[in-house]
Amino acid sequence: MADLTITPASGPLRGIVPGPPDRATAELGLLLAALAAPGATSRLWGKGLAALEAPRLLAQLGVAVAPIEDGYEVSGVGPSGLVVTDTLALPRSPWLAAATLGVLAGAGIACRLEGLSGSPQVLALVAQTLRQRGAQIEGRFDPRDPSALHPPLVLEAASAPLAEQLVAPSPFPAKVAALASGLFAAGPTYVDEPVLASDRFERLLGAMGLAVDGVGAVRRLSRPASEPLALSSPVPASPDASLALLAAGLGVAQSQVGVRGIALGPAHLGALKALERSGASLRIEARETRCGLPTADVTILAGPRRGLDLEGELASASGASLPTLLALAATASTDPGGRVGNAPPSVLSDPVAEIERPGRTRGTLALARAFGLAAEAEPGRLVLLGGPLVGATFDPEGDPAVAMAACALALAAKGPTTLRHADCIVESAPRFVGSLRALGAQLEVRP
């Protein structure tokens, strides 16, 4: 396991770097590509794309996946072409696990899924969502935590097509499961979403000819008349990892940091809107659509000097996790001396923090306190009260978002930082450290 030594920035960070490709979009895109017409070829790629779980999963389902430069090529088998010859290994990604269970339930495939899932709470909510439309799915119940469902999971073949469904999804993977199962359902799938949330799955469906439409807060997926179309596209940059790079620039005086190709649909603009409201000067240049998602190059020309509030719809539509929001808030109100200014408290929330990744609120609070910040936390919500940013020795405990946020804080801190077991960053953004170096940061990897 490698450690990372981070030296506080001695001068401005400057430059424009490619955004780390969004792993969740790539995983979901490959799964949908497998449902394209038999023989239809889809390609997804991105410079610095993290290692994905979808190729291994699809190989178990009889789908041919081949590596190409910076990505993968998938040969479609059609909605009825998936086969299960053995027990499936359950994906750790909550997005991919939810979509996989939705597809398998909708296709009427009986199977057993084993392994370690990233979140037992997500599995429980996904199972509940699919049962509501007639799927039969069971797992191991935890008497100490009734909100959790643990593998192994047993999925029974439904006796009839899944029923029409109206779902008010919480968290987002429950929506993904509902829409994925809707590709096979007897009637429409409706999603009631009063607060704008991540729409990467709907955008992918639209890019493959399966539009999700509707009015106001209710969205509808009609039963498709045909298979998804093949898709050939670069993967958009992850808003979460990209915002961590921008946060690094916010905390260092006179920096100008830009990130290319960030996914910036309406459901990903919350953090940038909050920065602008706090007085930041941003340049946002629209770019091409990738995987159905509009993208943009974003450069921070000047940072704000007052608190950053990200709650409600702004938080849900930020595209960022609680640790990244912490880094944005702390660095946005940090003066060149490394102290959080006399700003009002920053209020941050992540409605899925404890569900998708249990312990993330606790990890974010530990991150804040390790760097000298006074903060108070409750599940999925954190109030940043301020304090000096000081160098720290910190272990993100395997959470890539916490580790990337720590890098941003370390560059604005007084004194060096040692980030223990920093390898986890590679899970989400293999080139993240290289991008910081390209901007002028000093980071050294130590075995």
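See the structure printed just above.
Model, not experiment: these values are computed from the prediction.

(A) Up close: the packing of aromatic side chains. Enumeration according to the criterion identifies zero aromatic pairs in this entry. Lying over the aromatic face of Trp 95, Arg 200 brings its terminal NZ or CZ to 4.6 Å of the ring centre.

(B) A look at unusual backbone geometry. Cis peptide bonds are those with omega within 30 degrees of zero, and the linkage from Pro 151 to Pro 152 qualifies with 5 degrees. One can find Pro 152 in strand β9 (residues 149–156). Within the chain, Gln 254 stands out as a residue other than glycine whose phi angle is a positive 65 degrees. Take Gln 254: it is sitting in the loop between α7 (239–250) and β15 (256–263). Phi is positive for His 421, which is not a glycine, with a value near 50 degrees. Structurally, the position occupied by His 421 is in the loop between β22 (417–419) and α14 (425–428).

(C) Local environment of α7. In a regular helix each residue adds 1.5 Å, so 12 residues correspond to 16 Å; α7 covers 16 Å between its end C-alpha atoms and thus fits that length. Listing the buried residues of α7 in full gives Pro 239, Asp 240, Ala 241, Ser 242, Leu 243, Ala 244, Leu 245, Leu 246, Ala 247, Ala 248, Gly 249 and Leu 250. In this structure Ser 238 caps α7, since a side-chain oxygen of it lies 3.3 Å from the backbone nitrogen of Asp 240.

(D) Expanded view of the pattern of salt bridges. Taken as a whole, this structure holds 20 salt bridges when the rule is applied. Two residues, Arg 203 and Asp 199, come together in a salt bridge whose shortest N-O distance is 3.1 Å. When the shortest N-O distance is used, the salt bridge between Glu 397 and Arg 362 registers 3.6 Å. Of this pair, Glu 397 sits in the loop between β21 (393–394) and α13 (400–412) while Arg 362 sits in helix α12 (residues 360–370); the two residues are 35 residues apart in sequence, bridging distant segments of the chain. We classify Glu 397 as exposed; its relative accessible area is 61%. Each member of the salt-bridge network shares a partner with another, and the members are Arg 283, Glu 285, Arg 287 and Asp 297.

(E) Quick look at the side chain of Arg 200. Inspection of the secondary structure puts Arg 200 in helix α6 (residues 200–207). Polar side-chain contacts of Arg 200 include one of 3.1 Å to the side chain of Asp 22. Every residue in contact with Arg 200, bar those within four places of it in the chain, is listed here: Asp 22, Ala 24, Thr 25, Leu 28, Trp 95 and Leu 293.

(F) Structural context of the sheet that holds strand β8 (residues 136–141). Pairing within the open sheet is mixed, and its four strands lie in the order β6-β7-β9-β8. Taken across any chain shown, the strands that pair with only one partner, and hence form the sheet edges, are β6 (88–89) and β8. As paired strands, β6 and strand β7 (residues 111–114) are joined by two bridges and run parallel to one another. By the bridge assignment for β7, Ala 89 is matched with Glu 114.

(G) Looking closely at the environment of Glu 311. If you trace the backbone, Glu 311 turns up in the loop between β17 (293–302) and α9 (312–316). Each C-alpha atom of the pair Glu 311 and Trp 45 lies 33 Å from the other, and the pair is 266 residues apart in sequence. Discounting residues that sit within four places of it in the chain, Glu 311 has contacts with Val 347, Ser 349 and Arg 381.

What counts, and where the lines are drawn
Residues numbered from 1 in each chain as written. Predicted model: local features only at pLDDT ≥ 70, side-chain atom pairs only at ≥ 80, totals over all residues. Heavy atoms only, no water. Phe/Tyr/Trp six-rings, centres within 6.5 Å; stacked < 30°, edge-to-face > 60°. Lys NZ or Arg CZ within 6 Å of the ring centre and 35° of its normal. Helix = DSSP H or I, 4+ residues; strand = E, 2+ residues; numbered from the N terminus. Expected span 1.5 Å × (residues − 1). Buried < 20%, exposed > 50% of the residue type's maximum accessible area, 1.4 Å probe, protein only. Polar contact = N/O pair within 3.5 Å; in protein donor to acceptor, adjacent residues only side chain to side chain. Salt bridge = Lys/Arg side-chain N within 4 Å of Asp/Glu carboxyl O. Contact = heavy atoms within 4.5 Å. Pairing = 2+ DSSP bridges.

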